[in-house]
Amino acid sequence: MASSEPNVQDAQLSAYRCLLENARAMLQAAREERWDDLTALDAERQSCFARVVDADLISTRPANVEACTEMINSILQCDEQTKNLIKAWQGEMSEVLDSMGNRRKLADAYQSG
């Protein structure tokens, strides 16, 4: 069992690193308004989550708990920033769609009259 512990510990850290790298990539994609990339990264995130679920955190060494906690906090910060960028973009798109709808109504009104 002792020989497999480093592998378990490494797997735990690797799983959280996967999530952190993904969260950072998603934030960068949102900052650059690369929405298709963001969607693809969101799909990739599921494999990172699966790795975290498979990691046994109960037997985690204290140093790894601290490292995982720091990564989780960074992930949450990235996710919050990404969510805010998405909300802002959705607001902009809503305004554009509303404007297009109003233009369409005007065009329809003038064509029918």
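Just so we're clear, the structure is a prediction, and the values are computed from it rather than from any experiment. (Residues numbered from 1 in each chain as written. Predicted model: local features only at pLDDT ≥ 70, side-chain atom pairs only at ≥ 80, totals over all residues. Heavy atoms only, no water.)

Q: I'm lost on the nonpolar core in this one. Help?
A: Across soluble globular proteins, you tend to see nonpolar side chains buried next to one another. Tyr16, Leu19, Val52, Met71 and Ile75 are the most contacted members of the largest nonpolar core, which has 14 residues in total. When contributions to this core are tallied by element, the ones reaching two or more residues are helix 1 (5-31), helix 2 (35-54) and helix 3 (62-112). Counting residues per element, this core draws most heavily on helix 1, which supplies eight residues. In terms of nonpolar packing, the next biggest core, distinct from the first, is built from six residues, Met26, Ala30, Trp35 and Leu41 among them. (Core = buried A, V, L, I, M, F, W, Y, C linked by side-chain atoms within 4.5 Å. Buried < 20%, exposed > 50% of the residue type's maximum accessible area, 1.4 Å probe, protein only. Helix = DSSP H or I, 4+ residues; strand = E, 2+ residues; numbered from the N terminus.)

Q: Explain the packing of aromatic side chains here, please?
A: Each aromatic ring pair is characterised by the separation of its centres together with the angle its planes make. Applying the stated criterion across every chain yields a total of one aromatic pair. Judged by centre distance (4.6 Å) and plane angle (35°), the rings of Trp35 and Trp89 are tilted. In this pair, Trp35 sits in helix 2 while Trp89 sits in helix 3, placing the two residues 54 residues apart along the sequence. The class for Trp89 is partly exposed, based on a relative accessible area of 26%. (Phe/Tyr/Trp six-rings, centres within 6.5 Å; stacked < 30°, edge-to-face > 60°.)

Q: Can you walk me through the pattern of salt bridges in this structure?
A: Note on pairing: side chains with opposite charge can pair once their charged atoms come close. Applying the stated criterion to the full structure yields four salt bridges. Note that Glu32 and Arg34 form a salt bridge whose closest N and O atoms lie 2.6 Å from each other. Residue classification places Glu32 among the partly exposed residues on the basis of a relative accessible area of 43%. Three or more residues are tied together by salt bridges with common partners; here these are Glu32, Arg34 and Asp37. (Salt bridge = Lys/Arg side-chain N within 4 Å of Asp/Glu carboxyl O.)

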